[in-house]
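Now for the letters of each chain:
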Amino acid sequence: MAILDEARHVEEPPLLEGWLAQCVEDDGVSWPTETEEGRAVLGWNLLSTLEPADAERLALSIYGRLSSSTTIDTMVQMLARDAFTSLFNFLGEQLQYRSSVIFTLRRYVYLTERFNRVALDAQYKEQTATGEELYNDDLQKFLFQDAHYVTHAKARSTTGEPDLIGELEGEDPIVLDGKLYTGSVAYVGKGVRQVYEYAVDHGKHVAYLVVFNRKADRTLVVAGDGPADVSPPYFEIAGVRVYVVIVRAAPPETTASKLGPLTPVHLTRNTVERALEDD
């Protein structure tokens, strides 16, 4: 459903009634949409509202004039093939691609927090001035080794220079940026704004912000636009969905038994909107 919600930002199809009337007139399923996203949404709108008895009547009205020997079962099969193949192909492609990005980032979070953050922390303390670049280089390396995302740093766009923009086997580019949280949640909000702008530059409707939390005594909580149990959380900004992935980059300063309660810091819609309003 999230993928279909994103597809509606690309093209909102016409109402079902007008489309189906045109299909009856054309003696077959015709598409008034210009994009695969529009066809997918239109197919879903039909699939989610069509009852079995209605399917038979609709199939008969569309294909009934083609041949008197065609059975109603065959007509229903023709309707399913013609009306829903675009939907399932689109969902299959998007699930394979979109989910692979999210799952790759989840693996990166686990690997970094479980095995690599002590070594990265030591390197960060030696090159704090370029610490953000250090973490982005580590992420860039992982994206290539784990999932063959060929990324390059500081790709130029009309609005700035995102830290990472990558391609999956030379095809569809992903928009992904990495930011350090060192105490300023407003800076993270600006990161959300930046990846949104990069996505607009590249004609994308999904972007990813990876936030490296350098404050061991604070937990960064994202109060996004989706349900509370959705992971990773996201913000919807003018047709672009920005996923926010948090990495606990700083090792604990003491043992778990001596560690006091972490201070929650919230990245909210208001924080993001203030960043969007800034020039």
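Keep in mind it's a predicted model, so treat the numbers as computed, not measured. (Residues numbered from 1 in each chain as written. Predicted model: local features only at pLDDT ≥ 70, side-chain atom pairs only at ≥ 80, totals over all residues. Heavy atoms only, no water.)

1. Some thoughts on the overall build of the protein chain
Along the backbone of the protein chain there are 8 helices and 8 strands. The buried share of the protein chain, taken over its 279 residues, is 42%. Accessible area for the protein chain stands at about 14600 Å²; split by element, carbon and sulfur atoms hold 52% of it. (Helix = DSSP H or I, 4+ residues; strand = E, 2+ residues; numbered from the N terminus. Buried < 20%, exposed > 50% of the residue type's maximum accessible area, 1.4 Å probe, protein only. Areas by Shrake-Rupley, 256 points an atom, 1.4 Å probe, with all protein chains shown as cover.)

2. Digging into the pattern of salt bridges
Throughout the structure, instances matching the rule amount to 13 salt bridges. The partner of Asp 27 in a salt bridge is Arg 65, and the shortest N-O contact between them spans 2.6 Å. Here Asp 27 is found in the loop between helix 2 (16-26) and helix 3 (36-47), whereas its partner Arg 65 is found in the loop between helix 4 (52-63) and helix 5 (72-126), with 38 residues between them in sequence. The salt bridge partner of Arg 248 is Glu 113, with a shortest N-O separation of 2.9 Å. Taken together, the positions of Arg 248 in strand 7 (residues 240-248) and Glu 113 in helix 5 put the pair 135 residues apart, joining distant regions of the chain. (Salt bridge = Lys/Arg side-chain N within 4 Å of Asp/Glu carboxyl O.)

3. A word on the packing of helix 2 against helix 3
Contact pair helix 2 / helix 3: the axes reach a minimum separation of 11 Å and the direction vectors enclose 95°. By the criterion of interaxial angle, the relationship of helix 2 to helix 3 is roughly perpendicular. The residues of helix 3 that touch helix 2, namely those facing Leu 16, Trp 19 and Leu 20, are Leu 42, Asn 45 and Leu 46. Across the contact of helix 2 with helix 3, the residue classes break down as 5 nonpolar, 1 polar and no charged. (Axes fitted to C-alpha atoms, helices over the stretch in contact; angles between N-to-C directions. Parallel < 35°, antiparallel > 145°, perpendicular 65-115°, else oblique. Contact = heavy atoms within 4.5 Å. Nonpolar A, V, L, I, M, F, W, Y, C, P; charged D, E, K, R; others polar.)

4. Re the packing of aromatic side chains
Taken as a whole and judged by the stated rule, the model has 8 aromatic pairs. When the ring of Tyr 110 is compared with that of Phe 115, the centres are 6.2 Å apart and the planes differ by 80°; the resulting orientation is edge-to-face. Each of the two residues, Tyr 110 as well as Phe 115, counts as exposed. Members of the aromatic cluster, connected to one another through ring pairs, are Tyr 108, Tyr 124, Tyr 135, Phe 142 and Phe 212. (Phe/Tyr/Trp six-rings, centres within 6.5 Å; stacked < 30°, edge-to-face > 60°.)

5. Digging into the packing of helix 7 (residues 185-201) against helix 8 (residues 269-277)
It is the contact of helix 7 with helix 8, at a shortest axis distance of 8 Å, that shows an interaxial angle of 65°. Along this stretch, helix 7 crosses helix 8, giving a crossing that reads as right-handed. Residue-level contacts link Val 185, Ala 186, Gly 189, Lys 190, Val 192, Arg 193 and Tyr 196 of helix 7 to Thr 271, Val 272, Ala 275 and Leu 276 of helix 8. The residue inventory of the contact of helix 7 with helix 8, partitioned by class, reads 7 nonpolar, 2 polar and 2 charged. (Left-handed = near helix turned anticlockwise from the far one by under 90°.)

6. Some thoughts on the nonpolar core
Within the largest apolar cluster, 27 residues are counted, with the highest numbers of intra-cluster contacts made by Leu 105, Tyr 135, Leu 139, Tyr 208, Val 210 and Phe 212. Looking at this core, the elements with two or more residues in it are helix 5, helix 6 (131-147), strand 3 (173-181), strand 4 (206-213) and strand 7. With 8 residues, the single largest contributor to this core is helix 5. Residues contacting Tyr 135, with those up to four places away along its chain left out, are Tyr 108, Leu 120, Asp 121, Tyr 124, Leu 180, Phe 212, Arg 214 and Ala 249. Core analysis: the next-biggest nonpolar cluster, separate from the first, contains 21 residues, Val 175, Val 192, Val 222 and Ile 237 among them. (Core = buried A, V, L, I, M, F, W, Y, C linked by side-chain atoms within 4.5 Å.)

7. A short note on unusual backbone geometry
Looking along the chain, the bond that leaves Ser 231 and enters Pro 232 is cis, with omega of -5°. Along the chain, the position of Pro 232 falls in the loop between strand 5 (218-222) and strand 6 (234-237). The backbone of Asp 27 shows a phi angle near 60°, a positive value even though the residue is not glycine. For Asp 27, a relative accessible area of 26% gives the class partly exposed. Phi at Ala 238 is positive, roughly 50°, even though this residue is not glycine. Judged by relative accessible area, Ala 238 falls into the exposed class, the value being 68%.

8. Overview of the pairing of strand 7
Among the 9 residues that make up strand 7, 7 are buried, leaving the element largely enclosed by the rest of the structure. When strand 4 meets strand 7, the two strands line up parallel, connected through 8 bridges. Its bridge partner being in strand 7, Val 211 is matched across the sheet by Ile 246. Relative to strand 7, strand 6 runs antiparallel, the two being bridged by 4 bridges. Residue pairing in the sheet places Glu 236 in a bridge with Arg 241 of strand 7. Here strand 6 hands over to strand 7 after 2 residues, with Ala 238 in that stretch at a positive phi of 50°. (Pairing = 2+ DSSP bridges.)

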